[in-house]
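# Survey of secondary and tertiary structure
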Amino acid sequence: MSAPPIRCGGSWIEFGRRTLIMGIINMAPDSFAGDGLAGDVGAAEARGHEMAEAGADLLDVGGRSTRPGASPVDVGEELRRTIPAVRRLAGVGVPVSVDTFSARVASEALDAGAVMVNDVSGLRADPGMAALVSRTGVPVVVMDWDDRSRARDVMHETAAFLRERIGAATAAGIAATQIVVDPGYGFGLTLEQNFEVLRRLGELRALGRPILIGTSRKGSIGRVLNLPVHERLEGTAATVAVAIMNGVDMVRAHDVQAIARVARMTDAIVRGLPDGAARFRNGGTDAT
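A short tour of the structure in this document, coming up. All of these numbers come straight from a predicted model, not from anything done at the bench. (Residues numbered from 1 in each chain as written. Predicted model: local features only at pLDDT ≥ 70, side-chain atom pairs only at ≥ 80, totals over all residues. Heavy atoms only, no water.)

What follows concerns the side chain of Arg209. Structurally, the position occupied by Arg209 is in the loop between helix 6 (191-199) and strand 9 (212-213). Lacking a salt bridge, the buried Arg209 has Asp249 as its closest oppositely charged neighbour, with an N-O distance of 8.8 Å. A polar contact is formed between the side chain of Arg209 and the backbone oxygen of Ile179, at a distance of 2.9 Å. Excluding residues within four positions of it along the chain, Arg209 makes contact with Ala3, Pro4, Ile6, Ile166, Ala176, Thr177, Gln178, Ile179, Val181 and Asp249. (Helix = DSSP H or I, 4+ residues; strand = E, 2+ residues; numbered from the N terminus. Buried < 20%, exposed > 50% of the residue type's maximum accessible area, 1.4 Å probe, protein only. Lys, Arg positive; Asp, Glu negative; His and termini not counted. Salt bridge = Lys/Arg side-chain N within 4 Å of Asp/Glu carboxyl O. Polar contact = N/O pair within 3.5 Å; in protein donor to acceptor, adjacent residues only side chain to side chain. Contact = heavy atoms within 4.5 Å.)

Below, the structure written as structure tokens:
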């Protein structure tokens, strides 16, 4: 059964018909993926238009790297990198999410035109975040970023954590219908655990919430293929196809055009062809 739609700004995001694409716009200079824009607002706007034209359903804007070992960033610098970009991207024509665990950054981003919060800390890093989300009614992504490298059953622990976070969010006044869950692929997991999360992603369906995952260009792909970050597109495509087959609703992507095509093809196999998509619906063969 598909998760119910969520209200996002002046529109609704529906799940189940196809996989949604969240384009990543990183305003930090030290993105692990090598795509950091270092606060360049014009470049962010141009990238946002490119992603929207390529098939992005949302744009996720962040001003700090969340990779392990990343340099700390104070709130003032995160604001400087993030808010002007959000303001510009709000005019692109697709909903804008702000990727932050700072309530102040999230608040100013929402004032600048963002309509979703993506909090990798699962609403734990800043005690003001849950209250902000509750007050504004925006959708929120809660992610599991705990170190689970020693977990005996990684998916059991991840699901339990996300269930607890949903409970904490609703206790703070956040509508359950506005919550998206993210298992935290690449955060505190071994290589084998990352792949186990992909294989068992469908278990998160029991939470009743839309599932987001971000595998794009991650280190697990580089380790398997022995490739640098800018050569991980095919590996990312494989992880996205598997995630879709196992029930994901939305994927974060750097390479939006290619991943949107992968998602459309995988959706056709898993969910069925949309009306009007088949050339030979009533006989004949599809040999070309």
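Looking now at helix 8 (residues 233-245). The end-to-end C-alpha distance of helix 8 is 18 Å, a good match for the 18 Å that 13 residues give at a rise of 1.5 Å each. Within helix 8, burial applies to Gly235, Thr236, Ala237, Thr239, Val240, Ala241, Ala243 and Ile244. Trailing helix 8 by a residue or two, Gly247 shows a phi angle of about 105°, which is positive. (Expected span 1.5 Å × (residues − 1).)

On to the pattern of salt bridges. Opposite charge on two side chains allows them to pair when their charged atoms are near. Scanning the entire structure with this criterion turns up 20 salt bridges. Among the salt bridges present, the one from Arg148 reaches Asp146, with a minimum N-O distance of 3.6 Å. Its relative accessible area of 24% is what places Asp146 among the partly exposed residues. For Asp267, the salt bridge goes to Arg271, with nearest N and O atoms at 2.8 Å. Linked through salt bridges whose partners overlap, the residues forming this network are Arg124, Asp144, Asp146, Arg148 and Glu157.

This brings us to the sheet that holds strand 3 (residues 20-26). Taken in spatial order, the eight strands line up as 8-7-6-5-4-3-10-9 in an open sheet, and their pairing is parallel. On the outer flanks of this sheet lie strand 8 (179-182) and strand 9, each paired with one strand and no other. Both strand 7 (residues 140-143) and strand 8 contribute to a ladder of four bridges, which runs parallel. Note that in strand 8 the partner of Val142 across the bridge is Val181. Across the face of the sheet, helix 1 (residues 41-54) comes into contact with strand 3, strand 4 (58-62) and strand 10 (250-253) while running at roughly 165° to strand 3. (Pairing = 2+ DSSP bridges. Axes fitted to C-alpha atoms, helices over the stretch in contact; angles between N-to-C directions.)

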